[in-house]
Amino acid sequence: MAQRVLVVDDEKLIVKGIRFSLEQEGMEVDCAYDGEEAVQKAKENEYDIILLDVMLPKLDGFEVCQQIREFSSVPVIMLTAKGDDMDKILGLEYGADDYITKPFNILEVKARIKAIIRRTKKKAPEKENRKVVEKGDLHLDCDSRRLNIGGKEINLTAKEFDLLELMALNPNKVYSRDHLLNAVWGYDYPGDVRTVDVHIRRLREKIEANPSEPKYVHTKWGVGYYFNV
């Protein structure tokens with residue numbers, strides 16, 4: 001099946017260019033030109049990825065991302081102003097999986113989209129080989145990419161799930177921030193280790209009863225992070 005992408009930007013020429021380029025790759029592309037329309041389309045349709053501009057009418061990109069995270073873990077790439085680190089950090093705080101700075105090269109956009117879809121799409125697993133991690137009331141099904149804690153499903157972003165999965169499948173192994181950045185985002189990712197810290201913090205806020213005293217994802221000071229069994 002063709003991958004389905006939602007492109008959200010109020011600059012119609014940019015949307016038109018992205019849409020044309022992605023359709024050349026065989027993708028199905030929907031478009032939205034303001035924040036409210038983006039949220040509505042995300043509720044009504046299933047997308048493989050959303051490309052989301054920060055500066056939008058009605059709701060800005062951060063508000064859109066935050067609202068989408070209330071009902072979906074679809075990967076989100078945010079388009080931010082060139083060199084504006086605060087936009088990048090805020091995007092990650094609100095649940096984005098990646099960011100691209102404007103002006104961008106369409107080849108980079110396509111490469112990022114394909115890389116994220118490739119990482120998040122899993123082949124249907126055989127039942128007898130399902131990868132499941134259980135600790136206390138935490139139940140992590142790596143094949144269906146679902147997390148339940150105390151019988152309640154927890155909605156993680158693609159990158160949050162990737163981080164938790166990597167550490168949970170290798171309990172008590174301490175991963176440096178650089179290792180996690182390379183393993184989850186890839187060696188060609190232009191961001192820095194702050195990306196890891198932001199995602200770990202958001203992950204803890206979702207899975208820990210008390211994020212300042214974590215039960216699952218721990219910090220080895222001066223070294224990195226690990227999942228405790």
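For clarity, every value in this text was computed on a predicted model and none was experimentally measured. (Residues numbered from 1 in each chain as written. Predicted model: local features only at pLDDT ≥ 70, side-chain atom pairs only at ≥ 80, totals over all residues. Heavy atoms only, no water.)

Visitor: I'd like a rundown of the sheet that holds strand β4 (residues 76-80), residues and numbers included.
Guide: Here five strands make up an open sheet; going across it, the order is β2-β1-β3-β4-β5 and the pairing parallel. Single-partner strands in this sheet number two, and they are β2 (28-32) and β5 (98-101). For this sheet, the mean inter-axis angle between neighbouring strands, taken without regard to orientation, is 20°. Of the pairings in the sheet, the one linking strand β1 (residues 4-8) to β2 comprises five bridges and is parallel in character. Pairing of Val-7 across the sheet is with Cys-31, part of β2. The strands touched by helix α1 (residues 12-24) within the sheet are β1, β2 and β3 (49-53), with β2 carrying the most contacts at an inclination of about 170°. Lying over the sheet, helix α5 (residues 106-120) contacts β3, β4 and β5, oriented at roughly 175° with respect to β5. (Pairing = 2+ DSSP bridges. Helix = DSSP H or I, 4+ residues; strand = E, 2+ residues; numbered from the N terminus. Axes fitted to C-alpha atoms, helices over the stretch in contact; angles between N-to-C directions. Contact = heavy atoms within 4.5 Å.)

Visitor: Could you give me a rundown of the environment of Leu-51, with the residues and numbers involved?
Guide: Looking at the element boundaries, Leu-51 is found in strand β3. Residue Leu-51 is classed as buried on the basis of its relative accessible area, which comes to 1%. Linking Leu-51 and Leu-166, residues 115 residues apart in sequence, is a C-alpha distance of 26 Å. If we ignore the near neighbours within four places in the chain, the residues touching Leu-51 are Leu-6, Val-7, Val-8, Ile-18, Ile-77, Leu-79 and Val-109. (Buried < 20%, exposed > 50% of the residue type's maximum accessible area, 1.4 Å probe, protein only.)

Visitor: Please give an account of the pairing of β4 that cites residues and values.
Guide: Within β4, five of the five residues are buried, which leaves the element mostly enclosed by the surrounding structure. Both faces of β4 are covered, namely the face carrying Val-76, Met-78 and Thr-80 and the face carrying Ile-77 and Leu-79. Handedness of the crossover joining β3 and β4 through helix α3 (residues 61-68) is recorded here as right-handed. Bridge analysis of β4 against β5 gives four bridges, and the strand direction is parallel. From the neighbouring strand, Ile-77 faces β5, where its bridge partner is Asp-98. (Right-handed = clockwise from strand over helix to strand, strands pointing away.)

Visitor: Describe unusual backbone geometry, and please don't skip the residues or the numbers.
Guide: Here Lys-102 and Pro-103 are connected by a cis peptide whose omega angle stands at -5°. Within the fold, Pro-103 resides in the loop between β5 and α5. Unusually for a residue other than glycine, Lys-58 sits at a positive phi of about 70°. Note on placement: Lys-58 falls in the loop between β3 and α3. With relative accessibility at 60%, the residue Lys-58 sits in the exposed group. Its identity as a non-glycine residue notwithstanding, Arg-145 has a phi of 55°, on the positive side.

Visitor: Which residues make up the UniProt feature "modified residue: 4-aspartylphosphate" (unreviewed entry) in the protein chain, and what values do they have?
Guide: Under the present numbering, the feature "modified residue: 4-aspartylphosphate" (unreviewed entry) in UniProt falls on Asp-53. Within the secondary structure, Asp-53 sits in strand β3. Beyond its immediate sequence surroundings of up to four residues, Asp-53 is in contact with Val-8, Asp-9, Asp-10, Gly-61, Leu-79 and Lys-102. (UniProt positions renumbered as here; feature names shortened; annotations may be inferred.)

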